[in-house]
Amino acid sequence: MIKGKTAVIIGAQWGDEGKGKIVDVLSENFSIVARYAGGHNAGHTVIIGGKKFILQLVPCGVLRDGCCSVIGNGVVLDPMAFLKEVGTLRDAGVKVDGNLFVSNRAHVILPYHRMIELAAENAPGRVKIGTTSRGIGPAYEDKMGRRGLRVADLLDLKLLRKHIENACREKNMIAHALFNSEPLDPEKMYHEYAAIAGKIAPFVRDTATFLHNALKRGESIVFEGAQGTMLDIDHGTYPFVTSSSATSGGAVIGTGVAPTAITSVIGVTKAYCTRVGEGPFPSEIHDKQGEELRARGNEYGAVTGRPRRCGWLDLPLLRYSAAINGVSWWVVTKLDVLDELDEVPVCVGYKIDGKATDEPPAQGCGYDSIECIYRKLPGWRTSTEGITEISKLPARAKEYLKFLEDETGAQVGMVSTGPGREQTMLVDSFNAEMESLTGRKTRLTATP
Ligand code: GDP
Ligand code: IMO
Ligand code: MG
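Residues numbered from 1 in each chain as written. Chains lettered and ligands numbered in written order. Predicted model: local features only at pLDDT ≥ 70, side-chain atom pairs only at ≥ 80, totals over all residues. Heavy atoms only, no water.

Draft legend 1. Molecular detail of the sheet that holds strand β5 (residues 68–71). Within the open sheet, the 10 strands sit side by side as β9-β7-β5-β2-β10-β1-β11-β15-β19-β20. Their pairing is mixed. At either end of the open sheet lies a strand with only one pairing partner, and these are β9 (204–205) and β20 (424–426). Note: strand β1 (residues 6–11) against strand β11 (residues 264–270), five bridges, orientation parallel. Within β11, the position partnered with I10 by the bridge is G267. Sheet contacts for helix α1 (residues 19–26): β1, β2 (32–35), β10 (221–224), β11, β15 (329–333), β19 (411–416) and β20; angle to β1, the most-contacted strand, approximately 160°. Each of β1, β11 and β15 touches helix α11 (residues 315–325); the most contacted strand, β15, lies at about 135° to it. (Pairing = 2+ DSSP bridges. Helix = DSSP H or I, 4+ residues; strand = E, 2+ residues; numbered from the N terminus. Contact = heavy atoms within 4.5 Å. Axes fitted to C-alpha atoms, helices over the stretch in contact; angles between N-to-C directions.)

Draft legend 2. A look at the site of ligand 2. Around ligand 2 sit 20 residues, and of these D16, K19, H44, T132 and T242 come closest. Contact between ligand 2 and D16: an oxygen atom at 2.8 Å from a main-chain N or O atom of the residue. Within the side chain of T242, an N or O atom sits 2.6 Å from an oxygen atom of ligand 2. When the free accessible area of ligand 2 is taken as 550 Å², the share hidden by the protein chains comes to 98%. In terms of residue class, the shell around ligand 2 is built from seven nonpolar, 10 polar and three charged. Among the domains, domain 1 (6–104 + 206–438) and domain 2 (107–202) are the pair contributing at least three residues each to the shell around ligand 2. (Near = heavy atom within 4 Å. Polar contact = N/O pair within 3.5 Å; in protein donor to acceptor, adjacent residues only side chain to side chain. Areas by Shrake-Rupley, 256 points an atom, 1.4 Å probe, with all protein chains shown as cover. Nonpolar A, V, L, I, M, F, W, Y, C, P; charged D, E, K, R; others polar. Domains from an automatic or database assignment.)

Draft legend 3. Structural view of the pairing of strand β4 (residues 51–55). Summarising the sheet, strand β3 (residues 44–48) and β4 pair through five bridges and their orientation is antiparallel. Bridge pairing links V46 to F53 in β4. Remark: two residues form the turn of the hairpin made by β3 and β4, two consecutive strands paired antiparallel; G49 in that turn has positive phi of roughly 55°.

Draft legend 4. Fine view of the coordination of the magnesium ion (ligand 3). The magnesium ion (ligand 3) binds to the protein through D16 (OD) and G43 (O); the donor distances cover 2.1 to 2.2 Å. With a gap of 27 residues between them, D16 in the loop between β1 and α1 and G43 in the loop between β2 and β3 connect regions that are remote in the sequence. (Donors = N, O, S within 2.8 Å, 3.2 Å for Na, K, Ca; no water.)

Draft legend 5. Expanded view of the site of ligand 1. Close contacts around ligand 1 come from 17 residues, with K19, G20, T45, D336 and S416 the closest. The separation between an oxygen atom of ligand 1 and a polar main-chain atom of G20 is 2.8 Å. Here ligand 1 has 590 Å² of accessible area as a free molecule, and 92% of this is covered by the chains. Sorting the residues of the shell around ligand 1 by element identifies α1 and β3 as the ones contributing at least two each. The element contributing the most residues to the shell around ligand 1 is α1, with three residues. Looking at the shell around ligand 1 residue by residue, the class counts come to two nonpolar, eight polar and seven charged.

Below you can see the structure in the form of structure tokens.
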């Protein structure tokens, strides 16, 4: 019998919606934070009392005393990146021993994944995705091709050696034939990975069983989404997507928790829109206003430092996202970035070949023919800095949020007007629901 309650926090757009900050705020209440998809392509920023952490693989729950963190089976783990991140956290005085666990079934990223990705991205005739070059896609390819190495196998040195020898033989041949790449040395690779296997071992568990047992005891879990709905391998703007299930369904597959154990889905959306990398972006701003939004929102990738493309809030996209994820609540972040605008354009619908539609095209090229229908809402031209209650937001900011609710059919539960913990406002009914999941109300304290 499952007694514990859960919430999934997903990115509703193309990633970087501020999931890290929101998971951090809400993790105060939950017993466990679990990542279910992606790898160190994610960059989740959390600012606590002025101190900045950018978490890539490690769930944000690690920053909360008494909270356990789980890297689920759906994540692809680069062991070197993981140890580096763990080291940085330890140096910053963050506890990572006995409270951070890695699934024995998570797949491992190895150097040939990065080699193949880099070569493929630059090869003539290939569609350039603008990936984070972390080897994410090729690692998931090996997982689905049933030739991947799992964390449990990394710890089994005999198997590790055999796996690396076989894989290198194959990958070196492919990479040479397709991209003329220099071969990787399997012997050197084996020694490097065998040397760190012992450092990974203390973190490794059957995390699905760990999560089941926690739910049986009545503990609460928050699932930390990575990337965003439009980067989901199935539901995003394919092929300009990542290689995993970023949507709420991924939480089930990527951790081994049953669908019936998901209590609530929280969709994080910026008050506007951004995207890093290539691919369709219907409401993208191509003029000076886009640059102004980038400057005000400091829209540069947390992992690669690349400038993020900026656009207006896209309501057809949010309606789609609400449907695909089953969003129960919206969290609207970066409202402050719009504070100075006279008017705020919002994409309220799409037209394809002159016909109104809410259906995102299945083909990348279909996006080229989208014409966004905009409505300009009046700006509030007042700073939202320091406001701690939604009722005290400028009237026009409240109208903006109400418009988003009316047009998407889901309620706004939380609003963020700055990167810090305390720059967050909760709607009473949302806080009451979080209390019903976890037995505790959310406080917005600036200390860990
Ligand atoms: P994630 O990948 O979804 O966790 O988001 P990122 O951390 O990649 O990017 C979000 C960026 O916006 C980070 O730099 C955050 O510190 C910052 N941020 C989050 N919420 C707010 C907000 O309400 N206002 C402003 N100005 N910045 C925010
Ligand atoms: P968080 O969790 C924004 C994008 C890349 C590229 C595409 C595929 O911080 O929101 P990949 O390396 O995953 O194969 O790249 O996906 N991308 C992200 N964009 N935020 C992310 O994560 C992203 N993770 C991947 O820029 O366009
Ligand atoms: Mg990010």
